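Below, each chain spelled out in residue letters.
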Amino acid sequence: MSKAPFTRERLFCPGPTPVSDAAKLAAVSSSVYHRTDSFSALFLECRRLLGPVFGTKGMPLILTSSGSGAMESAMVNLTNQGDQVLCIRGGKFGDRWVKMANAYQCQTEVFEVEWGQSVDLNAFKSRIKALPNLKAVFFQANETSTGVFYPVQQIVAAVKELSPESLVVVDAISGLAAHKIEMDEWRIDCMVSGSQKGFGIPPGLAFIHLSDSAWQKLSQRSRFYFDLEREKKGQEKGNSAWTPATTLIASLHVALTDMNNIGINQVAEHHKRLADAVRRSLQKINLQLFAEKDQSNAVTSMRVPEGVDGLSLLKRLRNDYGAIFAGGQDHLKGKIVRFSTLGFVDQFEIVAGMAALEMALFEEGHKFDLGDGVKHLVQQLARS
Ligand SMILES: *Cc1c(COP(=O)(O)O)cnc(C)c1O
């Protein structure tokens, strides 16, 4: 089958996420030289507007890299070779912390979480108690590969109580904007994020913020591109160490201004409202949610139903309906579909996503009343 005329491509994958027209236009109209007062002012304003999204009074640093670059910079700047670190691994991104810690020759301990499950706090506390030499804990706020949002505040509190000297590093690359995370209040030492997820701009920028105690515990490792101390010095005046992605900074400014005007709490509420509505509607069309507890506002994972070929479903969605959904990674390939409600996504966009999903599921032989998903979705979104 070919696409119906004028079908446009829509993103329902958890990054890159939809970008607003205003943010796109800002990028096109900007090709400025970055060593100018006006660019430095724009850069500083972006750093200032990032603070409330991170739940900090401080100003996060902006790096030119994908999100993993900020993860790597956290690893390099905050650990020494041979340090004992604990990584929570409940999916593809938890595994990335483990691989990074190994690459940098830490003594890596892994707290395993079954993919799709959340963190058992009691088991986690026992593990912390059993690691008297622990230097740092690394985990995701939102494990994007499974759609679980871990109990971040409780995890941080457990580390601070039982291992007060350990640094807590949170990968909030897909967690921010969709969830309110209070970096200062919860005492997170380092948090990272990336532009193409909750910020609703294209990939290429990463953000990182360190607590005062993290700045005091910088590692002895040699480093160059991701030398955060050097970045901090320059960025205090609005100058990044290396050429920044100027077009993305222009887009970021538009997106952050928008988010701050709406209110950071309201933005998170919006994503929760969409994700809740999607979850309830999926169950109405005989689909089973993959994550049953601590479900994410950023992405909802559902099991591919019996008798349906998961890969063929995704292909049909993309090729026939222009709807880009994400599947499962590693052992979940073909077993789950992920429906993102992250980024610059409005309530009518997810109605289109639900319609495409229903049509493709129907054609792939799933048994349900075609139209029920959209019906339940709009019933929940309409004000009663
Ligand atoms: C997307 C994502 C990353 C990786 O970001 P890149 O920009 O692809 O490097 C890391 N962690 C989480 C939780 C993510 O969702």
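From a predicted model like this one, the values you see are computed outputs, not experimental measurements. Along each chain, residues carry numbers from 1 onward, in the same order as the chain's sequence is written. Two thresholds apply to this predicted model, a pLDDT of at least 70 for residue-level local features and 80 or more for giving and counting side-chain atom pairs, whereas whole-chain, interface and lining totals are computed over all residues. The side-chain quantities take in all heavy atoms of the structure and omit both hydrogens and water.

Peer 1: With reference to specific residues and values, describe the site of the ligand.
Peer 2: A cutoff of 4 Å decides nearness: a residue is near a molecule or strand if any of its heavy atoms lies inside that distance of it. The immediate surroundings of the ligand are formed by 14 residues, with S66, S68, T144, D171 and K197 found nearest. Side-chain polar atom of K197 to an oxygen atom of the ligand: 2.7 Å apart, as the coordinates give it. Throughout, the Shrake-Rupley method with a 1.4 Å probe supplies accessible areas, and for residues the shown protein chains are the sole cover considered. If the ligand stood free it would expose 380 Å²; the protein chains cover 89% of that surface. Going through the elements one at a time, α3 (67-78) and α4 (92-103) are the ones with two or more residues in the shell around the ligand. We count a stretch as a helix when DSSP gives it H or I for four or more residues in a row; a strand needs E for two or more, and each element gets its number in order from the N terminus. Per-element accounting of the shell around the ligand gives the leading share, 3 residues, to α3. Polar here means any residue outside two lists: the nonpolar Ala, Val, Leu, Ile, Met, Phe, Trp, Tyr, Cys and Pro, and the charged Asp, Glu, Lys and Arg; Gly therefore counts as polar. Split by residue class, the shell around the ligand holds 3 nonpolar, 8 polar and 3 charged. Identification of polar contacts relies on pairs of N or O atoms within 3.5 Å, with a donor-acceptor requirement for protein atoms, meaning one able to donate a hydrogen and the other able to accept it, and with residues adjacent in sequence counted only if both atoms are side-chain atoms.

Peer 1: Lay out the sheet that holds strand β14 (residues 336-340) in plain terms, naming residues and giving numbers.
Peer 2: Note: strands within a sheet are paired through backbone hydrogen bonds, in either parallel or antiparallel orientation. Spatially, the 3 strands line up as an open sheet ordered β11-β14-β13, and their pairing is antiparallel. Single-partner strands in this sheet number two, and they are β11 (299-303) and β13 (326-327). A pair of strands counts as paired when DSSP detects no fewer than two bridges linking them.

Peer 1: Explain the pattern of salt bridges residue by residue, including any values.
Peer 2: By definition, a salt bridge exists where a carboxyl oxygen of Asp or Glu is found within 4 Å of a side-chain nitrogen of Lys or Arg. Per the stated rule, a full pass over the model turns up 18 salt bridges. Between E349 and R10 there is a salt bridge, with the nearest N and O atoms lying 3.5 Å from each other. Taken as a pair, E349 in helix α13 (residues 347-363) and R10 in strand β1 (residues 10-11) lie far apart in primary sequence, 339 residues in all. Partly exposed describes any residue whose relative accessible area lies between the buried limit of under 20% and the exposed limit of over 50%, with all areas from a 1.4 Å probe on protein chains only and scaled to the type maximum. Classification of E349 by relative accessible area gives buried; the value is 16%. You can call R10 partly exposed: its relative accessible area is 23%. A single network of salt bridges, built from pairs that share partners, joins R89, D95, K99 and E112.

Peer 1: Which residues make up the packing of α3 against α4, and what values do they have?
Peer 2: Relative to each other, α3 and α4 sit at 45°, their axes nearing to 10 Å. Classified by the angle between their axes, α3 and α4 sit oblique to one another. Handedness of the crossing formed by α3 with α4: right-handed. Of the residues in α4, those touching α3 at S68, M71, E72, A74 and M75 are F93, R96, W97, M100 and A101. Partitioned by chemical class, the residues of the contact of α3 with α4 number 7 nonpolar, 1 polar and 2 charged. In this analysis, axes come from line fits to C-alpha atoms, helices being fitted only over the stretch in contact, and the angle between any two N-to-C directions falls in the range 0 to 180 degrees. The cut-offs work like this: below 35 degrees is roughly parallel, past 145 is roughly antiparallel, 65 to 115 is roughly perpendicular, and the gaps in between are oblique. Crossing handedness follows the turn of the near helix against the far one: under a right angle anticlockwise gives a left-handed crossing, and clockwise gives a right-handed one. Contact definition: two residues touch when any of their heavy atoms are within 4.5 Å.

Peer 1: Run through the packing of aromatic side chains, naming residues and quoting values.
Peer 2: Aromatic pairing here means that ring centres of Phe, Tyr or Trp (its six-membered ring) are within 6.5 Å. Orientation follows from the plane angle: under 30 degrees is stacked, over 60 is edge-to-face, and everything else is tilted. Under the defined criterion, the tally for this structure stands at 10 aromatic pairs. Ring plane angle 10° and centroid distance 5.8 Å describe the contact between Y225 and W242, whose orientation is recorded as stacked. Taken together, the residues span a long stretch of sequence, with Y225 in the loop between α8 (212-216) and α9 (228-235) and W242 in the loop between α9 and α10 (246-262) at a distance of 17 residues. Joined through ring pairs, the aromatic side chains of F224, Y225, F226 and W242 make up one cluster. Taking NZ or CZ as reference, K197 lies 5.5 Å from the ring centre of F93, over its face. Sitting over a ring, as applied to charges here, requires NZ of Lys or CZ of Arg to be within 6 Å of the ring centre and within 35 degrees of the ring normal.

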